[in-house]
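Below are the chains, spelled out letter by letter.
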Amino acid sequence: MNQKPSSAFIAASWVAMASGMLGYIIGLWRSQMLLNEKGYYFTVLILGLFAVISLQKTVRDRLENIAVTDIYYSICWVCTILSIVLLAVGLWNATLLSSEKGFYSFAFLLSLFGAIAVQKNTRDSQIK
């Protein structure tokens, strides 16, 4: 049973990803952090987005019996977990208000969720 995603779910996925990414990036842009700190948090975001998209694809490939090497599958999981840990450690040690730390955490997680949903929708839309 392969159903194509509804237009509403596709739109909600793109809105989730875009609002999470834009909120996170605008927050970084307007922050009083040093440039190297901004670069760290931006790199963590990019790593996280790439990792969850790759992870979603490899999990789906395995469910559909498409060959995926164990090493790549493991790397996807490690990078996904590593991006979340790197953000958590960075925010734990940052001299930011708790509200700012919460903002970055939720914007990051919303971005990751949106990226997974967009990847899923893209793949489901291509099924014939």
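Here the structure is shown first, and the text comes after it.
To keep things clear, this report deals only with the structure shown in the data block. (Residues numbered from 1 in each chain as written. Predicted model: local features only at pLDDT ≥ 70, side-chain atom pairs only at ≥ 80, totals over all residues. Heavy atoms only, no water.)

**Digging into unusual backbone geometry**
Piece 1. Phi is positive for Asn65, which is not a glycine, with a value near 60°.
Piece 2. Looking at where Asn65 falls in the secondary structure, it is placed in the loop between helix H2 (35-63) and helix H3 (70-93).
Piece 3. The class for Asn65 is exposed, based on a relative accessible area of 73%. (Helix = DSSP H or I, 4+ residues; strand = E, 2+ residues; numbered from the N terminus. Buried < 20%, exposed > 50% of the residue type's maximum accessible area, 1.4 Å probe, protein only.)

**Looking at H2**
Piece 1. For H2, which comprises 29 residues, the first-to-last C-alpha distance of 42 Å matches the rise-based estimate of 42 Å (1.5 Å per residue) to within 8%.
Piece 2. Residue Asn65 follows H2 closely and has a positive phi angle near 60°. (Expected span 1.5 Å × (residues − 1).)

**Regarding the environment of Trp77**
Piece 1. Take Trp77: it is sitting in helix H3.
Piece 2. On the basis of relative accessibility, which here comes to 37%, the residue Trp77 falls in the partly exposed class.
Piece 3. Considering only alpha carbons, one finds Trp77 and Val59, 18 residues apart in sequence, at a separation of 10.0 Å.

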